[in-house]
Amino acid sequence: MKALRFLAFKQLVHHPARNVLVMGCLALVVFLPLLGGGLLRRYDHDLHQRANATPLVLGKPGNRFDLCLGALFFRQTHLAPLTMGDLEPWSARQDLVAVPISLGATVQGQPLVGTTPEYFERRGLGFAQGRLPLKPGEIVLGARVAKSLGAELGARLRSDPPMGFGLVGNATQVLVVTGILQTTHGPDDRAVFGALQTCWLLDGWLHGHADAQSIAQDHPEQVLAKAENGVLLSGALVPDQDVAQVATERLHLHADPASLPISAILLWPASDKVLTIVQADTNAQGLLSALRPTQVVDDLLALTLRIKSLIDRLIWLLGLGMALLFLVVCVLSAQLRAGELRTLARMGARPGFATGLLATEAALLGLGAIAVAALAAALALRLLPDLVHVL
Amino acid sequence: MQPAPLLLLEGVRHGYGPEGPAWAWPHLELAAGQSIACTGPSGSGKTTLLELLAGLQTPQAGLVACMGTPWSTLANRERQRKRLEHLGLVFQGFELLAALDVRENVRLPLRLLGYAPSDFDVRLGELLERAGIPNLARRKPAALSHGEQQRVALCRALIHKPRILLADEPTANLDAENAEAVIELLLHAVHDDGAGLVCVTHDRSLITRFDQEWAVAGFQVRAGGEPKA
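These numbers come from a predicted model, not from an experiment.

Asker: Please clarify how the overall build of chain A should be interpreted in this entry.
Answerer: Per the secondary structure count, chain A includes 13 helices and 17 strands. Its C-alpha radius of gyration of 31 Å places chain A more than 25% over the 21 Å reference for a compact globule of 391 residues. Expressed as lengths along the three principal axes of its C-alpha atoms, the size of chain A is roughly 115 × 60 × 35 Å. Counted over contacts in chain A with a minimum sequence separation of 6, partners at least 24 positions apart contribute 76%. Within chain A, the 30 negative side-chain charges are centred at a point lying 19 Å from the centre of the 32 positive side-chain charges.

Here you go:
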């Protein structure tokens, strides 16, 4: 056996480029199902973990997958908005905890989640540094966001401009980091949290007026006229809106507070009985949709598994084709080396030695391919972002 | 009691197919410490004779025995083992393994026998030295000349001190100097180790170095003479 392994190894090393190519092709066929399986297991785990921690989600009737993925994983989807008026009856109840979620805005490319302090309590989110966002314009960063942005407490981050080119488009805001969350290995690590008012501020529902006198001092070229009790500023002046510089009491709405938008409501009923009744009643009324995330996730995974099984069959076919090609390569190699193999037999190598040598070479190539594929899959799973985040 | 000859060929008839020519070799034998030059024109059956002696072919009739045991009575595995252990073969076309360097090629029989090659490092060094190629130990066959490849093939045949040496035209395509060196190596094994040697050669100038000549012609072998000067 030692002689077999030695000669097989030497033969493989003698043609490095050819054998690396063959090994690479074999590794690819092994790598694809390994990666697919690994990603799906992680997807399954992540989805279920989050879904199990969220008993019920309320939203406008529509795509239940979008509602669930948006409310639980902050996926950027266009959810039909609820209003604060929809939240009121749930907030008043004693047998459940209702937490509003507002989505849509982003900060440095990361989703900004507007919510209330109950969210942090319900999710068990601890602070690595700092405190809750108490005022409009204050934000808390998930652990991965803080790391990727290199942001620390007190950092001032600018919100992203809204999509589109509306003439009444809102300017970006400078937001102040008041806290950084501990790592949770979940979607909270990838989000920025703020008060609901911060989201409304970015959406243009809430605003404050900067002091015209100070603007006039900083930008005298923008002053059109001065009066006894004020100044007339040019319409071309679009100063940065730094909400942290605006006194909170100056912020105000020009709308009914009950009409302010939110994206979804997370419910934590006190018991399974309450949960069942709430879901049944809500869905019967038809105005809102009450979803159990675990059911939605199961349906989503069933669909994903059906697609994966189809892809697996295609990969099997690809593998079969590759195996046949590999066989051809082995046969051709044996033909090219017929002289050497005959020499071994004539010298007195035991019967079947030549076949054993070819089989050992094939096995070494196969094992090498499996090792490379496993390593590549492990590396890819480590480096690739969560599917939940991407899909 | 007289020891059995290393190789014995008795009443052998052999040919390729019923229509082809048939060789008839009534009696040939090789003793320990004996060197035999096998001569004859091309196609006269020298290589076939060598392969019969090595047990690589089975005669249609008659007996070929190696160290007292007829090849035909041995199972395939036993026959392979006997050849590996007791025979050193030098092929016409060198037949070195391209993936192995000189050192590894020479050690090949040891590996096939299951020995630890490093236990034979001293012998390896001596052989390479005697063959005049100690500086080529790490080279692959593709980087060697014909003469050098032939010397490596000889070292490979000698590394495990076989009792019987069968060489098929080891000096073909070699210049006089290389041919002399190759024959010297073979005869050294006969004289020092007591091996028996059958060497196919066309080179009349070398025949005088052997103890005996087997002249293969007309499908017969004429054994005899005392070619040594």
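Asker: Even after reading the chapter, I still don't get the overall build of chain B, so can you show me in this structure?
Answerer: Regarding its fold elements, chain B presents eight helices and 10 strands. The C-alpha radius of gyration of chain B comes to 17 Å, within 12% of the 17 Å expected for a compact globule of 229 residues. Overall, chain B is about 50 × 40 × 40 Å in size when its C-alpha atoms are taken along their principal axes. For chain B, with 229 residues in total, the buried portion stands at 56%. Residue pairs at least 24 apart in sequence account for 67% of intrachain contacts in chain B once pairs closer than 6 positions are excluded. Summed over all atoms, the accessible surface of chain B reaches about 9,800 Å², with 50% contributed by carbon and sulfur. Positive and negative side-chain charges of chain B, numbering 23 and 26 respectively, have mean locations separated by a distance of 5 Å.

Asker: Sorry if this is basic, but what is going on with the nonpolar core here?
Answerer: A general trend in soluble globular proteins is that nonpolar side chains are found buried together. Counting 45 residues, the largest nonpolar core has L7(A), L344(A), L49(B), L53(B), L112(B), L166(B) and V198(B) as the members making the most contacts within it. In terms of residues, this core owes the most to one element, helix α1 (residues 2–14) of chain A, which gives five residues. Leave out the neighbours within four places in its chain, and L166(B) touches L7(B), L50(B), L53(B), A54(B), L87(B), G88(B), L89(B), V90(B) and V198(B). In terms of nonpolar packing, the next biggest core, distinct from the first, is built from 39 residues, A37(B), V106(B), L124(B) and V190(B) among them.

Asker: What is the right way to look at the interface of chain B and chain A in this model?
Answerer: Accessible area lost upon the coming together of the parts is a frequently used measure of interface size. At the interface, 23 residues of chain B touch 19 residues of chain A. In total, chain B and chain A occlude about 1,900 Å² of area from one another, counting both sides; carbon and sulfur atoms represent 62% of this. On inspection of chain B and its partner chain A, the count reaches two salt bridges. Notably, a salt bridge pairs R346(A) with E51(B), separated by 3.1 Å at the nearest N-O pair. Elements represented by at least two residues in the side of chain B that touches chain A include exactly α2 (76–86) and α4 (108–113) of chain B.

Asker: Just checking my understanding: could you explain the sheet that holds strand β2 (residues 22–30) of chain B for this structure?
Answerer: Each strand in a sheet pairs with another by means of backbone hydrogen bonds, the pair being arranged parallel or else antiparallel. Residues and elements named next belong to chain B. Strands sit in the order β2-β1-β4-β5 across an open sheet of four strands; the sheet is antiparallel. Each edge of the open sheet carries a strand with a single partner, namely β2 and β5 (69–70). Against the sheet, helix α1 (residues 46–53) contacts β1 (7–15), β2 and β4 (61–66), and its axis sits at roughly 125° relative to β1.

Asker: I'm lost on the domain arrangement of chain A in this one. Help?
Answerer: Partitioning chain A into domains gives domain 1 (2–46 + 301–390) and domain 2 (56–214 + 238–292). The straight-line distance from the C-alpha centre of domain 1 of chain A to that of domain 2 of chain A is 49 Å.

Asker: Quick question: what am I supposed to make of helix α10 (residues 293–336) of chain A here?
Answerer: Every α-helical turn comprises 3.6 residues, leaving residues that sit three or four positions apart pointing alike. The end-to-end C-alpha distance of α10(A) is 61 Å, a good match for the 64 Å that 44 residues give at a rise of 1.5 Å each. Next to the buried residues of α10(A) lie α2 (16–52), β1 (56–59), α3 (64–73), β17 (289–291), α11 (338–347) and α12 (353–383) of chain A.

Asker: Help me understand the environment of L112(A) in this model?
Answerer: Tracing the sequence through the fold places L112(A) in strand β5 (residues 110–115). Taking the C-alpha atoms as reference, L112(A) lies 30 Å from L379(A); in sequence the two are 267 residues apart.

Asker: Sorry, what's going on with the pattern of salt bridges here?
Answerer: Close approach of charged atoms allows side chains of opposite charge to pair. Across all of its chains, the model carries 16 salt bridges over all chains by this definition. Between D66(A) and R75(A) there is a salt bridge, with the nearest N and O atoms lying 3.5 Å from each other. Ionic contacts of the salt-bridge type, sharing partners, join the residues E180(B), E184(B) and R209(B) into one network.

Asker: I would appreciate a short explanation of the sheet that holds strand β16 (residues 264–269) of chain A in the present structure.
Answerer: All names here are of chain A. Taken together, four strands build an open sheet; the order of strands is β3-β16-β1-β17 and the sheet is antiparallel. Of all strands in the sheet, those with a lone pairing partner are β3 (96–101) and β17, marking the two edges. Taking the axes of each pair of neighbouring strands and ignoring which way they run, one obtains an average angle of 25° across the sheet. Of the strand pairs in this sheet, β3 and β16 are connected by six bridges, and their pairing is antiparallel. When the sheet's bridge partners are listed, L96 is paired in β16 with P269. Most of the contacts of α3 go to β1, to which it runs at about 115°, and overall it touches β1, β16 and β17.

Asker: Explanation requested: the pairing of strand β7 (residues 164–168) of chain B in the structure shown.
Answerer: Sheet faces and side chains relate simply in a regular strand, where the side chains alternate between the two faces. Residue and element names in this part refer to chain B. Along β7, five of the five residues are buried, which leaves the element largely enclosed by surrounding structure. Both faces of β7 are covered, namely the face carrying I164, L166 and D168 and the face carrying L165 and A167. Relative to β7, strand β6 (residues 87–90) runs parallel, the two being bridged by four bridges. Within the sheet, the bridge partner assigned to L87 lies in β7 and is I164.

Asker: Please explain a nonpolar patch on the surface as it appears in this structure.
Answerer: All names here are of chain A. On the surface, L314, L317, L320, L324, L327 and V331 cluster together into a nonpolar patch covering about 610 Å² of accessible area. The residue L324 is located in helix α10 in this model. L324 gets classed as exposed once you look at its relative accessible area, which sits at 52%.

Asker: Explain the confidence of the model for chain B here, please?
Answerer: Reading predicted coordinates in detail is not appropriate for stretches of low pLDDT. All names here are of chain B. The predicted model of chain B has a mean per-residue pLDDT of 87, with 93% of residues at 70 or higher. Mean pLDDT values over the elements of chain B span from 63, in strand β10 (residues 220–224), up to 95, in helix α3 (residues 102–106). Interface confidence for the predicted complex, expressed as ipTM, amounts to 0.87; the pTM equals 0.71.

Criteria and cut-off values
Residues numbered from 1 in each chain as written. Chains lettered and ligands numbered in written order. Predicted model: local features only at pLDDT ≥ 70, side-chain atom pairs only at ≥ 80, totals over all residues. Heavy atoms only, no water. Helix = DSSP H or I, 4+ residues; strand = E, 2+ residues; numbered from the N terminus. Rg over C-alpha atoms; globule rule 2.2 N^0.38 Å. Contact = heavy atoms within 4.5 Å. Lys, Arg positive; Asp, Glu negative; His and termini not counted. Charge placed at Lys NZ, Arg CZ, Asp CG, Glu CD. Buried < 20%, exposed > 50% of the residue type's maximum accessible area, 1.4 Å probe, protein only. Areas by Shrake-Rupley, 256 points an atom, 1.4 Å probe, with all protein chains shown as cover. Core = buried A, V, L, I, M, F, W, Y, C linked by side-chain atoms within 4.5 Å. Buried area = accessible area lost by both parts, 1.4 Å probe. Salt bridge = Lys/Arg side-chain N within 4 Å of Asp/Glu carboxyl O. Pairing = 2+ DSSP bridges. Axes fitted to C-alpha atoms, helices over the stretch in contact; angles between N-to-C directions. Domains from an automatic or database assignment. Expected span 1.5 Å × (residues − 1). Patch = residues over 30% accessible without salt bridge, like charges linked within 9 Å, V, L, I, M, F, W, Y side chains within 5 Å. pLDDT = per-residue confidence, 0-100.

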